[in-house]
Every structure is written in structure tokens, then in C-alpha cells.
Amino acid sequence: MVDEEIKQADMDFRFLTLVMSLATAAWSQLGKIPHPNTQKMEKDLEQAQVSIDFLRMLLEKTQGNLKPKEQELLATAVADLELNFVDESKKSAATGAKPGPSIIIPSGSSAKGPEIIKP
């Protein structure tokens, strides 16, 4: 029984690590945070779209199989990234320039960001 609980906790941790890894990659690709390896601000909207699509696919494929906090974290990550992707796409189309980072926080969301869920 204890081994089963540990195994379940590990799976939860791995899932959350996957979500946060993809979300961090997407934020970096949107030019909102520095690239984790180079610490430089870089923007690649095509790659950001791929990362967001992976997260959206996870959201769809895991529907009904996640704990409420996991579902909330994933859904919030996808929604926030999609909003910021649209904003960055409009900025790039309108100006062709790379403006400084600004993160859009949807109304009703807390500005503190996602809650860390510990297994």
C-alpha cells in the first residue's frame, strides 16, 4: 500500500513537472521570461504555439483523470499562455518589432501566479 502511494505521488510530481516545463518553455518562447539556458530574452512564436498546443492536448487527453488542483493548474496555464500568445502575435503583426515583455493576467485571476502543488 505504501509503495502504491509513493508511486502515485511520483506520477503526480512527474505530471506537474511536465506541465511546468512546457509552460516555462512557452513563456520563454513568447519572450516573456529569459531563456532558461542563455538567460536572454528570445521570441519564437511558432515554437510557443507548439508548446501551447502540447499543453492544450494534455488538457483534453487528461479530462476527468486529474485531481482538481492539477486540472486548475493545467487549465490556467493554457488560458494564460493563449491570451499572451494572441497579444504577442498582434504586437508582432502590427509593429514587426520586438517590444518588451508584458504578461497579461486575466480578470478574476490572482497576480501571484499558479499555486505550487506538493505531492
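Everything below is about the structure printed above this text.
Residues numbered from 1 in each chain as written. Predicted model: local features only at pLDDT ≥ 70, side-chain atom pairs only at ≥ 80, totals over all residues. Heavy atoms only, no water.

Draft legend 1. How the structure looks around the overall build of the protein. Tallying secondary structure elements over the protein gives 3 helices and 0 strands in all. For the protein, the N- to C-terminal ordering of α and β elements is α-α-α. Counting across all 119 residues of the protein, residues that qualify as buried make up 30%. Residue pairs in contact within the protein that sit at least 24 positions apart in sequence constitute 56% of those at least 6 positions apart. By element, 59% of the accessible surface of the protein is carried by carbon and sulfur atoms, the whole surface being about 7,900 Å². (Helix = DSSP H or I, 4+ residues; strand = E, 2+ residues; numbered from the N terminus. Buried < 20%, exposed > 50% of the residue type's maximum accessible area, 1.4 Å probe, protein only. Contact = heavy atoms within 4.5 Å. Areas by Shrake-Rupley, 256 points an atom, 1.4 Å probe, with all protein chains shown as cover.)

Draft legend 2. Local environment of the environment of Val50. Its location among the elements puts Val50 in helix α2 (residues 45-61). Counting along the chain gives 21 residues from Val50 to Gln29, while the straight-line C-alpha distance between them is 9.9 Å.

Draft legend 3. Structural context of a nonpolar patch on the surface. A cluster of nonpolar side chains, namely Val50, Phe54 and Met57, defines an oily patch on the protein surface of about 250 Å² accessible area. Topologically, Phe54 is positioned in helix α2. (Patch = residues over 30% accessible without salt bridge, like charges linked within 9 Å, V, L, I, M, F, W, Y side chains within 5 Å. Salt bridge = Lys/Arg side-chain N within 4 Å of Asp/Glu carboxyl O.)

Draft legend 4. How the structure looks around the pattern of salt bridges. Taken as a whole, this structure holds 8 salt bridges when the rule is applied. Ionic pairing is found between Lys67 and Asp12, a salt bridge with its closest N-O pair at 2.5 Å. Of this pair, Lys67 sits in the loop between α2 and α3 (68-95) while Asp12 sits in helix α1 (residues 2-29), placing them 55 residues apart in sequence. Look at Asp12 and you get buried, because its relative accessible area is 10%. A salt bridge links Asp53 to Arg56; the nearest nitrogen and oxygen atoms lie 2.7 Å apart. With Asp53 and Arg56 both in helix α2 and 3 residues apart, this pair spans about one turn of that helix. Judged by its relative accessible area of 33%, Asp53 is partly exposed. A single network of salt bridges, built from pairs that share partners, joins Lys32, Lys43, Asp87, Glu88 and Lys91.

Draft legend 5. View of α2. Over its 17 residues, α2 runs 24 Å from end to end, which matches the ideal 24 Å to within 8%, given 1.5 Å per residue. Of all the residues in α2, the buried ones are Leu45, Ala48, Ser51, Ile52, Leu55, Leu58 and Leu59. In an axial view of α2, the angular spread of the buried residues amounts to 135 degrees, which keeps them on one side of the axis. Opposite its buried face, α2 presents the exposed residues Glu46, Glu60 and Lys61, each directed more than 90 degrees away. (Expected span 1.5 Å × (residues − 1). Arc of directions from axis to C-beta.)

Draft legend 6. Representation of the nonpolar core in the model. In terms of nonpolar packing, the biggest core is built from 20 residues, with Phe15, Val19, Leu30, Leu55, Leu74 and Leu81 touching the most fellow members. Mapped onto this core, the elements with two or more residues apiece are α1, α2 and α3. Sort the elements by how many residues they give to this core and α1 lands first, with 7 residues. Those residues in contact with Leu30, other than ones at most four positions away along the chain, are Glu42, Lys43, Leu45, Ala48, Leu81, Asn84, Phe85 and Glu88. (Core = buried A, V, L, I, M, F, W, Y, C linked by side-chain atoms within 4.5 Å.)

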